[in-house]
Amino acid sequence: MARLFIVLLSLLLVAAAPPPAPGQGYLKTSDGVRLFYRVVGRGPETLVAVHGGPGNSLASIEPDFRPFEKRFTIIYYDQRGNGYSDLIDDTPRLTL
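Here's a quick rundown of the structure. Quick caveat: nothing in here was measured; it's all calculated off a predicted structure.

### Looking at the overall build of the protein
Then, in step 1: A tally of regular secondary structure across the protein gives two helices and four strands.
Then, in step 2: Secondary structure elements in the protein, listed N-terminal to C-terminal, are α-β-β-β-α-β.
Then, in step 3: Every one of the 96 residues in the protein was classed for burial, and the buried ones make up 21%.
Then, in step 4: Taken as a whole, the protein presents about 7,300 Å² of accessible surface, with 61% of it coming from carbon and sulfur.

Right, dumping it as structure tokens:
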């Protein structure tokens, strides 16, 4: 009975979680790493904005690109191990 209660409570909490904001989410790479992205703007041409690093995130460059949102669609993403993106713990898999 307690197990059923825990399962139902878990389902309720998942259902109550807010969905990701429009234009942002995660992509899963072929090796299982989740990369966080955000898409803003509404222009016909697309810019891909890559932050510096290590240790930065898309938030570090977003203000600089804000003036371009009227003319371009801008795709930001957090590189592996930065911001909201995953970093794998299996160091032999960290290769170029």
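Now, onward.
### Observations regarding the nonpolar core
Then, in step 1: Grouped together as the largest cluster of nonpolar side chains are eight residues: Phe 36, Val 40, Ala 49, Leu 58, Ile 61, Phe 72, Ile 74 and Tyr 76.
Then, in step 2: Sorting the residues of this core by element identifies strand E2 (34–41) and strand E4 (72–77) as the ones contributing at least two each.
Then, in step 3: Counting residues per element, this core draws most heavily on E4, which supplies three residues.

### Looking at the sheet that holds E2
Consider a sheet: its strands pair through backbone hydrogen bonds, and that pairing is either parallel or antiparallel.
Then, in step 1: Spatial ordering of the open sheet is given by E1-E2-E4-E3, a layout of four strands whose pairing is mixed. Each edge of the open sheet carries a strand with a single partner, namely strand E1 (24–28) and strand E3 (45–50). Averaged over all neighbouring strand pairs, the angle between strand axes comes to 30°, with direction disregarded.
Then, in step 2: Where E2 lies against E4, five bridges are found, and the strand directions are antiparallel.

Here is what the cut-offs are and how they apply
- Throughout, residues of each chain are indexed from 1 in the direction in which the sequence is written.
- Per-residue local features of the predicted model are confined to residues with pLDDT of at least 70, and side-chain atom pairs are confined, for both listing and counting, to 80 or more; whole-chain, interface and lining totals are unaffected and use all residues.
- Hydrogens and water molecules were not included; the side-chain quantities draw on all heavy atoms of the structure.
- Note on conventions: DSSP H or I runs of at least 4 residues are helices, E runs of at least 2 residues are strands, and numbering of each starts at the N terminus.
- The rule is simple: take the accessible area with a 1.4 Å probe, protein chains only, and divide by the maximum for that residue type; under 20% is buried, over 50% is exposed, in between is partly exposed.
- Computed by Shrake-Rupley with a 1.4 Å probe, the accessible areas treat only the displayed protein chains as cover when residues are assessed.
- Residues belong to one nonpolar core when they are buried, are Ala, Val, Leu, Ile, Met, Phe, Trp, Tyr or Cys, and are joined through side-chain atoms within 4.5 Å.
- For two strands to be treated as a pair, DSSP must find no fewer than two bridges joining them.
- For every element, the axis is a line fit to its C-alpha atoms; helices are fit only across the contacting stretch, and the angle between N-to-C directions ranges from 0 to 180 degrees.

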